[in-house]
Amino acid sequence: MKTLLLSSEYADIKTAAQIIRNGGVVAMPTETVYGLAADALNGEAVRKIFRAKGRPADNPLIVHISELSQIYSLVREFPVKARRLAEKFWPGPLTMILPKSALIPDEVSAGLDTVAVRFPSHPTARQLISLSAPLAAPSANLSGSPSPTSLRHVRDDMDGRIDAIIDGGDCEVGVESTVITLATPIPELLRPGGITFEQLKDTIGEIIINSAVINPLGEGQQAASPGMKYKHYSPKAEVVLLDGDKEGFYEYIRKYGKAGEAVLCYNEDLGHFSLPCISIGSEHDYRTQAHRLFTALRMVDEEGIAKVYAHCPEKRGIGLAVYNRIIRAAGFNIVKLR
Ligand code: TXA
Ligand code: MG
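So, a few notes on the structure that sits alongside this text. (Residues numbered from 1 in each chain as written. Chains lettered and ligands numbered in written order. Predicted model: local features only at pLDDT ≥ 70, side-chain atom pairs only at ≥ 80, totals over all residues. Heavy atoms only, no water.)

1. Some thoughts on the packing of aromatic side chains
For the structure shown, the criterion picks out seven aromatic pairs. Here Tyr252 and Tyr256 contribute two aromatic rings whose centre-to-centre distance is 4.6 Å and whose plane-to-plane angle is 45 degrees, an arrangement assigned as tilted. Of this pair, Tyr252 and Tyr256 both sit in helix α8 (residues 246-256), four residues apart, which is roughly one turn of the helix. (Phe/Tyr/Trp six-rings, centres within 6.5 Å; stacked < 30°, edge-to-face > 60°. Helix = DSSP H or I, 4+ residues; strand = E, 2+ residues; numbered from the N terminus.)

Have a look at this one:
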(Lines give C-alpha, C1' and ligand atoms only; values in the text may rest on other atoms or scores of the structure.)
(Ligands and ions follow the chains in the order given, each with its own letter.)
Protein backbone atom coordinates (compact mmCIF):
# COMPACT_ATOMS: atom_id res chain seq x y z
CA MET A 1 0.00 0.00 0.00
CA LYS A 2 1.28 3.48 -0.84
CA THR A 3 1.03 5.79 2.17
CA LEU A 4 0.10 9.36 1.30
CA LEU A 5 2.00 12.08 3.19
CA LEU A 6 -0.27 15.02 4.06
CA SER A 7 0.38 18.40 5.66
CA SER A 8 -1.71 20.10 8.37
CA GLU A 9 -3.20 22.51 5.80
CA TYR A 10 -6.98 22.55 5.65
CA ALA A 11 -7.14 21.04 2.14
CA ASP A 12 -5.00 18.10 3.25
CA ILE A 13 -7.05 17.53 6.40
CA LYS A 14 -10.13 17.42 4.14
CA THR A 15 -8.42 14.74 2.04
CA ALA A 16 -7.68 12.76 5.22
CA ALA A 17 -11.31 13.12 6.35
CA GLN A 18 -12.47 11.74 3.00
CA ILE A 19 -10.16 8.72 3.41
CA ILE A 20 -11.64 8.10 6.85
CA ARG A 21 -15.22 8.43 5.61
CA ASN A 22 -14.35 5.81 2.99
CA GLY A 23 -13.24 3.40 5.73
CA GLY A 24 -9.47 4.08 5.58
CA VAL A 25 -6.81 4.56 8.26
CA VAL A 26 -4.87 7.81 8.78
CA ALA A 27 -2.10 8.63 11.28
CA MET A 28 -2.83 11.99 12.94
CA PRO A 29 -0.89 14.18 15.35
CA THR A 30 -2.32 14.80 18.82
CA GLU A 31 -0.89 16.75 21.76
CA THR A 32 0.22 13.47 23.41
CA VAL A 33 1.50 11.10 20.69
CA TYR A 34 0.51 10.35 17.09
CA GLY A 35 -2.66 8.25 16.74
CA LEU A 36 -3.76 5.72 14.11
CA ALA A 37 -7.29 6.85 13.31
CA ALA A 38 -10.35 5.28 11.71
CA ASP A 39 -14.11 5.91 11.92
CA ALA A 40 -14.98 4.63 15.40
CA LEU A 41 -18.47 3.57 14.35
CA ASN A 42 -17.24 1.49 11.38
CA GLY A 43 -16.14 -1.91 12.74
CA GLU A 44 -14.50 -2.96 9.50
CA ALA A 45 -12.39 0.22 9.34
CA VAL A 46 -11.39 -0.29 12.98
CA ARG A 47 -10.18 -3.83 12.21
CA LYS A 48 -7.68 -2.30 9.77
CA ILE A 49 -6.06 -0.42 12.68
CA PHE A 50 -5.46 -3.71 14.52
CA ARG A 51 -3.92 -5.23 11.39
CA ALA A 52 -1.63 -2.24 10.71
CA LYS A 53 -0.29 -2.27 14.29
CA GLY A 54 -0.25 -6.01 14.84
CA ARG A 55 -2.33 -5.28 17.93
CA PRO A 56 -3.99 -8.10 19.92
CA ALA A 57 -7.77 -8.00 19.29
CA ASP A 58 -8.55 -7.97 23.04
CA ASN A 59 -6.93 -4.55 23.55
CA PRO A 60 -9.63 -1.85 23.21
CA LEU A 61 -9.22 1.57 21.54
CA ILE A 62 -9.88 5.14 22.65
CA VAL A 63 -12.63 7.08 20.83
CA HIS A 64 -11.64 10.69 20.09
CA ILE A 65 -14.25 13.46 19.90
CA SER A 66 -14.04 17.11 18.87
CA GLU A 67 -17.07 18.47 20.76
CA LEU A 68 -18.35 17.55 24.18
CA SER A 69 -21.86 16.93 22.83
CA GLN A 70 -20.57 13.93 20.84
CA ILE A 71 -20.09 11.98 24.06
CA TYR A 72 -23.81 11.53 24.69
CA SER A 73 -24.28 9.03 21.87
CA LEU A 74 -21.14 7.08 22.82
CA VAL A 75 -21.79 6.38 26.52
CA ARG A 76 -24.76 5.13 28.57
CA GLU A 77 -23.92 7.26 31.59
CA PHE A 78 -22.01 10.51 32.04
CA PRO A 79 -21.73 10.82 35.84
CA VAL A 80 -21.16 14.09 37.65
CA LYS A 81 -17.47 13.32 38.37
CA ALA A 82 -16.88 12.73 34.65
CA ARG A 83 -18.57 16.04 33.88
CA ARG A 84 -16.31 17.84 36.33
CA LEU A 85 -13.21 16.27 34.79
CA ALA A 86 -14.42 17.15 31.29
CA GLU A 87 -15.02 20.77 32.30
CA LYS A 88 -11.56 21.07 33.78
CA PHE A 89 -9.32 19.02 31.49
CA TRP A 90 -11.01 18.72 28.09
CA PRO A 91 -9.86 19.35 25.48
CA GLY A 92 -6.59 17.80 26.66
CA PRO A 93 -4.58 14.68 27.51
CA LEU A 94 -7.22 12.89 29.61
CA THR A 95 -9.12 9.71 28.66
CA MET A 96 -12.22 8.64 30.60
CA ILE A 97 -13.63 5.14 30.65
CA LEU A 98 -17.43 5.01 30.88
CA PRO A 99 -20.22 2.48 30.25
CA LYS A 100 -20.54 2.23 26.47
CA SER A 101 -23.64 2.81 24.36
CA ALA A 102 -24.95 0.32 21.82
CA LEU A 103 -23.39 2.41 19.01
CA ILE A 104 -19.83 1.36 19.91
CA PRO A 105 -18.73 -1.60 17.76
CA ASP A 106 -17.22 -4.60 19.56
CA GLU A 107 -13.98 -4.04 17.65
CA VAL A 108 -13.48 -0.75 19.53
CA SER A 109 -14.31 -1.96 23.03
CA ALA A 110 -12.80 -5.43 22.49
CA GLY A 111 -15.89 -7.00 23.96
CA LEU A 112 -15.87 -4.91 27.19
CA ASP A 113 -19.00 -3.12 28.42
CA THR A 114 -17.12 0.19 28.57
CA VAL A 115 -15.58 2.68 26.16
CA ALA A 116 -12.60 5.00 26.53
CA VAL A 117 -13.29 8.58 25.36
CA ARG A 118 -10.86 11.45 24.84
CA PHE A 119 -11.30 15.03 23.56
CA PRO A 120 -7.83 16.00 22.27
CA SER A 121 -6.68 19.62 22.20
CA HIS A 122 -4.52 19.36 19.08
CA PRO A 123 -6.09 21.59 16.38
CA THR A 124 -5.35 19.14 13.53
CA ALA A 125 -6.90 16.19 15.36
CA ARG A 126 -9.96 18.28 16.23
CA GLN A 127 -10.39 19.47 12.67
CA LEU A 128 -10.03 15.95 11.29
CA ILE A 129 -12.67 14.63 13.70
CA SER A 130 -15.09 17.44 12.94
CA LEU A 131 -14.72 16.85 9.18
CA SER A 132 -15.18 13.05 9.49
CA ALA A 133 -16.46 11.27 12.61
CA PRO A 134 -15.51 10.30 16.16
CA LEU A 135 -12.21 8.49 15.64
CA ALA A 136 -10.94 5.29 17.22
CA ALA A 137 -7.19 5.79 17.59
CA PRO A 138 -4.46 3.91 19.42
CA SER A 139 -0.90 5.22 19.39
CA ALA A 140 0.52 4.98 15.84
CA ASN A 141 3.39 2.58 16.64
CA LEU A 142 3.77 -1.10 15.82
CA SER A 143 2.38 -3.01 18.78
CA GLY A 144 5.00 -3.18 21.55
CA SER A 145 7.22 -0.31 20.32
CA PRO A 146 7.52 3.10 21.97
CA SER A 147 4.70 5.47 20.93
CA PRO A 148 5.57 7.85 18.07
CA THR A 149 6.04 11.51 18.93
CA SER A 150 7.33 12.75 15.56
CA LEU A 151 6.56 12.27 11.86
CA ARG A 152 9.74 10.24 11.46
CA HIS A 153 8.69 7.76 14.17
CA VAL A 154 5.33 7.25 12.44
CA ARG A 155 6.94 6.72 9.03
CA ASP A 156 9.44 4.26 10.50
CA ASP A 157 6.59 2.10 11.83
CA MET A 158 3.67 2.69 9.45
CA ASP A 159 4.93 3.58 5.97
CA GLY A 160 3.24 1.19 3.52
CA ARG A 161 0.79 -0.10 6.15
CA ILE A 162 -1.85 2.68 6.21
CA ASP A 163 -3.56 5.07 3.78
CA ALA A 164 -2.06 8.37 4.94
CA ILE A 165 -0.03 10.24 7.54
CA ILE A 166 -0.67 13.86 8.53
CA ASP A 167 2.51 15.72 9.45
CA GLY A 168 1.93 17.72 12.63
CA GLY A 169 5.53 18.14 13.77
CA ASP A 170 6.55 16.98 17.25
CA CYS A 171 3.98 16.12 19.91
CA GLU A 172 3.94 18.42 22.91
CA VAL A 173 3.30 16.09 25.87
CA GLY A 174 5.25 13.11 24.51
CA VAL A 175 3.56 10.36 26.55
CA GLU A 176 0.03 9.03 26.04
CA SER A 177 -3.00 10.49 27.80
CA THR A 178 -3.89 9.86 31.42
CA VAL A 179 -6.52 7.09 31.59
CA ILE A 180 -9.08 7.08 34.43
CA THR A 181 -12.05 4.77 34.76
CA LEU A 182 -15.34 6.14 36.10
CA ALA A 183 -17.06 2.82 35.51
CA THR A 184 -15.97 1.53 38.94
CA PRO A 185 -17.51 2.51 42.33
CA ILE A 186 -14.38 4.54 43.12
CA PRO A 187 -12.61 6.16 40.13
CA GLU A 188 -9.33 4.48 39.33
CA LEU A 189 -6.20 5.75 37.58
CA LEU A 190 -5.19 3.15 34.99
CA ARG A 191 -2.46 5.04 33.15
CA PRO A 192 -0.68 8.21 34.36
CA GLY A 193 -0.01 10.95 31.79
CA GLY A 194 0.03 14.70 31.23
CA ILE A 195 -2.91 15.27 33.62
CA THR A 196 -1.54 14.19 36.98
CA PHE A 197 -3.00 12.08 39.78
CA GLU A 198 -2.78 15.16 42.02
CA GLN A 199 -4.83 17.25 39.56
CA LEU A 200 -7.49 14.54 39.28
CA LYS A 201 -7.71 14.17 43.05
CA ASP A 202 -8.10 17.94 43.49
CA THR A 203 -11.01 17.86 41.06
CA ILE A 204 -13.03 14.78 42.11
CA GLY A 205 -11.65 13.63 45.47
CA GLU A 206 -11.00 9.96 46.14
CA ILE A 207 -9.16 8.03 43.39
CA ILE A 208 -7.37 4.71 43.54
CA ILE A 209 -4.10 4.21 41.67
CA ASN A 210 -4.44 0.80 40.03
CA SER A 211 -1.60 -1.40 41.28
CA ALA A 212 -0.51 -2.21 37.70
CA VAL A 213 0.48 1.46 37.23
CA ILE A 214 3.73 0.82 39.12
CA ASN A 215 3.81 -2.95 39.69
CA PRO A 216 3.92 -5.96 37.39
CA LEU A 217 0.62 -7.83 37.06
CA GLY A 218 0.54 -10.78 39.45
CA GLU A 219 0.17 -14.35 38.20
CA GLY A 220 -3.45 -14.82 37.09
CA GLN A 221 -4.34 -11.20 38.00
CA GLN A 222 -6.76 -9.59 35.55
CA ALA A 223 -5.71 -6.32 33.94
CA ALA A 224 -8.19 -3.46 34.57
CA SER A 225 -6.92 -2.07 31.30
CA PRO A 226 -5.96 -4.79 28.78
CA GLY A 227 -3.03 -2.68 27.56
CA MET A 228 -1.35 -3.20 30.94
CA LYS A 229 -0.67 -6.86 30.31
CA TYR A 230 1.30 -6.41 27.11
CA LYS A 231 5.01 -5.66 26.83
CA HIS A 232 5.09 -2.03 25.90
CA TYR A 233 7.28 0.93 25.04
CA SER A 234 10.18 -1.45 24.55
CA PRO A 235 13.27 -0.71 22.56
CA LYS A 236 15.14 -3.77 21.28
CA ALA A 237 17.91 -2.92 23.73
CA GLU A 238 17.77 -4.29 27.27
CA VAL A 239 16.73 -1.55 29.72
CA VAL A 240 18.04 -1.84 33.29
CA LEU A 241 16.43 0.43 35.84
CA LEU A 242 18.58 1.32 38.86
CA ASP A 243 16.80 2.23 42.09
CA GLY A 244 18.89 4.07 44.68
CA ASP A 245 20.70 7.36 45.29
CA LYS A 246 22.82 9.15 42.71
CA GLU A 247 26.15 7.97 44.05
CA GLY A 248 24.97 4.36 43.92
CA PHE A 249 23.75 4.92 40.34
CA TYR A 250 27.12 6.33 39.23
CA GLU A 251 29.05 3.63 41.04
CA TYR A 252 27.02 0.77 39.57
CA ILE A 253 27.55 1.99 36.01
CA ARG A 254 31.26 2.60 36.57
CA LYS A 255 31.55 -0.95 37.87
CA TYR A 256 29.34 -2.86 35.42
CA GLY A 257 29.03 -0.63 32.32
CA LYS A 258 30.64 -2.08 29.19
CA ALA A 259 31.39 -0.94 25.63
CA GLY A 260 28.28 -0.96 23.45
CA GLU A 261 26.08 0.11 26.39
CA ALA A 262 24.70 3.56 27.26
CA VAL A 263 23.00 5.58 30.00
CA LEU A 264 19.59 7.25 29.90
CA CYS A 265 20.14 10.11 32.32
CA TYR A 266 19.30 13.66 33.43
CA ASN A 267 21.22 16.82 32.46
CA GLU A 268 22.77 16.94 35.95
CA ASP A 269 24.34 13.48 35.44
CA LEU A 270 26.19 14.39 32.22
CA GLY A 271 29.96 14.10 32.63
CA HIS A 272 29.77 11.39 35.30
CA PHE A 273 30.07 8.42 32.93
CA SER A 274 32.48 7.07 30.38
CA LEU A 275 29.55 5.42 28.56
CA PRO A 276 27.57 7.47 26.00
CA CYS A 277 24.66 9.33 27.65
CA ILE A 278 21.24 10.30 26.37
CA SER A 279 19.70 12.97 28.61
CA ILE A 280 15.91 13.28 28.85
CA GLY A 281 16.06 16.67 30.59
CA SER A 282 16.72 18.19 33.96
CA GLU A 283 16.22 16.06 37.08
CA HIS A 284 13.05 17.71 38.38
CA ASP A 285 11.65 18.82 35.03
CA TYR A 286 9.19 15.93 34.60
CA ARG A 287 7.42 17.65 31.71
CA THR A 288 10.58 17.70 29.57
CA GLN A 289 11.41 14.14 30.59
CA ALA A 290 7.98 12.96 29.38
CA HIS A 291 8.39 14.99 26.18
CA ARG A 292 11.72 13.35 25.35
CA LEU A 293 11.40 9.82 26.71
CA PHE A 294 10.10 7.96 23.66
CA THR A 295 12.50 9.72 21.29
CA ALA A 296 15.34 8.67 23.60
CA LEU A 297 14.14 5.05 23.67
CA ARG A 298 13.97 4.94 19.88
CA MET A 299 17.40 6.57 19.65
CA VAL A 300 18.87 3.74 21.73
CA ASP A 301 17.92 1.28 18.98
CA GLU A 302 18.96 3.58 16.14
CA GLU A 303 22.43 3.74 17.70
CA GLY A 304 22.55 -0.05 17.97
CA ILE A 305 22.99 0.05 21.75
CA ALA A 306 22.61 -3.39 23.36
CA LYS A 307 21.88 -2.33 26.92
CA VAL A 308 20.87 0.95 28.52
CA TYR A 309 20.92 1.89 32.22
CA ALA A 310 18.41 4.36 33.64
CA HIS A 311 17.91 5.92 37.06
CA CYS A 312 14.48 5.31 38.62
CA PRO A 313 12.35 8.44 38.07
CA GLU A 314 10.41 10.08 40.90
CA LYS A 315 6.76 9.09 41.15
CA ARG A 316 5.35 12.61 41.56
CA GLY A 317 3.35 14.73 39.10
CA ILE A 318 4.18 13.88 35.50
CA GLY A 319 7.13 11.93 36.93
CA LEU A 320 4.65 9.11 37.63
CA ALA A 321 3.95 8.87 33.88
CA VAL A 322 7.68 8.71 33.13
CA TYR A 323 8.13 6.01 35.78
CA ASN A 324 5.18 3.99 34.42
CA ARG A 325 6.65 3.99 30.88
CA ILE A 326 10.24 3.27 31.93
CA ILE A 327 9.42 0.28 34.15
CA ARG A 328 7.51 -1.24 31.23
CA ALA A 329 10.34 -0.51 28.81
CA ALA A 330 12.57 -2.30 31.34
CA GLY A 331 10.15 -5.23 31.60
CA PHE A 332 10.11 -4.49 35.38
CA ASN A 333 13.83 -5.30 35.50
CA ILE A 334 14.78 -3.13 38.51
CA VAL A 335 18.09 -3.37 40.38
CA LYS A 336 17.82 -2.16 43.99
CA LEU A 337 21.05 -0.37 44.87
CA ARG A 338 22.41 -0.54 48.44
O1 TXA B 1 -2.74 9.83 24.21
C2 TXA B 1 -3.36 8.83 23.89
O3 TXA B 1 -4.19 8.28 24.65
C4 TXA B 1 -3.10 8.23 22.49
C5 TXA B 1 -3.54 9.27 21.47
C6 TXA B 1 -3.45 8.76 20.06
O7 TXA B 1 -4.82 9.71 21.78
N8 TXA B 1 -3.75 6.98 22.34
C9 TXA B 1 -3.33 5.86 22.98
O10 TXA B 1 -4.06 4.71 22.68
O11 TXA B 1 -2.40 5.83 23.75
P12 TXA B 1 -3.54 3.26 23.02
O13 TXA B 1 -4.52 2.36 22.37
O14 TXA B 1 -2.13 3.12 22.64
O15 TXA B 1 -3.73 3.14 24.58
C16 TXA B 1 -5.03 3.07 25.14
C17 TXA B 1 -5.00 2.33 26.44
C18 TXA B 1 -4.71 0.85 26.25
O19 TXA B 1 -3.85 0.44 27.32
C20 TXA B 1 -6.07 0.19 26.38
O21 TXA B 1 -5.99 -1.12 26.92
C22 TXA B 1 -6.79 1.13 27.33
O23 TXA B 1 -6.32 2.42 27.02
N24 TXA B 1 -8.26 1.09 27.13
C25 TXA B 1 -8.95 1.47 26.04
N26 TXA B 1 -10.26 1.24 26.21
C27 TXA B 1 -10.40 0.72 27.46
C28 TXA B 1 -11.52 0.27 28.23
N29 TXA B 1 -12.75 0.31 27.76
N30 TXA B 1 -11.27 -0.22 29.47
C31 TXA B 1 -10.01 -0.27 29.96
N32 TXA B 1 -8.92 0.15 29.29
C33 TXA B 1 -9.12 0.63 28.05
MG1 MG C 1 -0.22 2.38 22.62
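2. What to know about the pairing of strand β5 (residues 94-99)
Among the six residues in β5, six count as buried, and that is most of the element. In this structure, β5 lies alongside strand β9 (residues 178-181), joined through four bridges in parallel fashion. By the bridge assignment, Met96 is partnered in β9 with Ile180. Pairing geometry for β5 and strand β6 (residues 114-118), over five bridges, is antiparallel. Bridge pairing in β6 links Ile97 to Ala116. (Buried < 20%, exposed > 50% of the residue type's maximum accessible area, 1.4 Å probe, protein only. Pairing = 2+ DSSP bridges.)

3. Comments concerning the side chain of His122
Examined against the element boundaries, His122 turns out to sit in the loop between β6 and α5 (123-131). With a relative accessible area of 14%, His122 lands in the buried category. Excluding residues that lie within four positions of it along the chain, His122 makes contacts with Pro29, Thr30, Glu31 and Gly168. (Contact = heavy atoms within 4.5 Å.)

4. Let's talk about helix α7 (residues 197-204)
Buried residues of α7: Phe197, Leu200, Thr203 and Ile204, and no others. The arc that holds the buried residues of α7, viewed along the axis, is 130 degrees, so those residues lie on one side. Check the buried side of α7 and you find it contacts α3 (80-89), β5, β9, β10 (188-191) and β11 (208-209). Phi turns positive, to about 85 degrees, at Gly205, one or two residues after α7. (Arc of directions from axis to C-beta.)

5. Some remarks on α5
Restricting attention to buried positions, one finds in α5 the residues Thr124, Ala125, Leu128 and Ile129. For α5, the angular spread of buried residues about the axis comes to 130 degrees, placing them on one side. Those residues of α5 that are buried are in contact with α1 (10-21), β2 (26-28), β4 (62-64), β7 (135-136) and β8 (164-166).

6. Quick look at the nonpolar core
In this structure, Leu36, Leu85, Trp90, Leu94, Met96, Ile180 and Leu200 are the most contacted members of the largest nonpolar core, which totals 56 residues. In contact with Met96, other than residues within four places in its own chain, are Ala82, Leu85, Ala86, Trp90, Val115, Ala116, Val117, Ile180 and Leu182. (Core = buried A, V, L, I, M, F, W, Y, C linked by side-chain atoms within 4.5 Å.)

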